[in-house]
Amino acid sequence: MKRKMKKILCTMLAALMVSGTAIPAFAETINFDVTVPGDILSRKALKADSEQRFYVTGTGFNKGGTLYCTSVKYEDASVFSHSAAISPYLLKNNAMYRKYAEPGKFYYMTTNASVSGLHVTGRYTP
């Protein structure tokens, strides 16, 4: 009986160890609220993975127009991305970084727009 319990316990511990090492790291997603011109920056967000793309999704637009989004490393503005454009007709987009974007660092999103007074809410993942 003791041998059977030890075998079950060892199997359960081995399964727990294997499943614990397979937990992936996800980049932080934050909500943003920008108005161009004026408040054109998002809050900073932690980049937890080594994927060399950032993602942006628009959830609300006050009028038609295109928002051009660029991801920038918080402590080193020489690390930034190509521009990703979103609009009421293209809500999701992504773009690659121009230089290696190091994980474990903070990034923020800066924006400009095709029309003045464009107010957009959404989500940003560095």
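Right above here is the structure, for reference.
Here's a quick rundown of the structure. Since the structure is predicted, the reported quantities are computational estimates derived from the model, not experimental observations. (Residues numbered from 1 in each chain as written. Predicted model: local features only at pLDDT ≥ 70, side-chain atom pairs only at ≥ 80, totals over all residues. Heavy atoms only, no water.)

1. Overview of unusual backbone geometry
Argument step 1. That bond from Val36 to Pro37 is cis: its omega, -5°, falls within 30 degrees of zero.
Argument step 2. Inspection of the secondary structure puts Pro37 in the loop between β1 (30–36) and β2 (45–47). (Helix = DSSP H or I, 4+ residues; strand = E, 2+ residues; numbered from the N terminus.)

2. Considerations on the pairing of strand β7 (residues 105–113)
Argument step 1. The pairing of β2 with β7 spans three bridges and is antiparallel. Paired with Leu46 across the strands is Phe106, a residue of β7.
Argument step 2. The pairing of strand β4 (residues 67–73) with β7 spans seven bridges and is antiparallel. Residue pairing for β7: Thr70 is matched across the bridge by Thr110. (Pairing = 2+ DSSP bridges.)

3. Thoughts on the pattern of salt bridges
Argument step 1. According to the stated counting rule, one finds two salt bridges in the structure shown.
Argument step 2. Ionic pairing is found between Lys47 and Asp49, a salt bridge with its closest N-O pair at 3.3 Å.
Argument step 3. With a closest N to O distance of 3.3 Å, Glu102 and Lys73 form a salt bridge. With Glu102 in the loop between β6 (92–96) and β7 and Lys73 in strand β4, this residue pair connects regions lying 29 residues apart in the sequence.
Argument step 4. For Lys73, a relative accessible area of 13% gives the class buried. (Salt bridge = Lys/Arg side-chain N within 4 Å of Asp/Glu carboxyl O. Buried < 20%, exposed > 50% of the residue type's maximum accessible area, 1.4 Å probe, protein only.)

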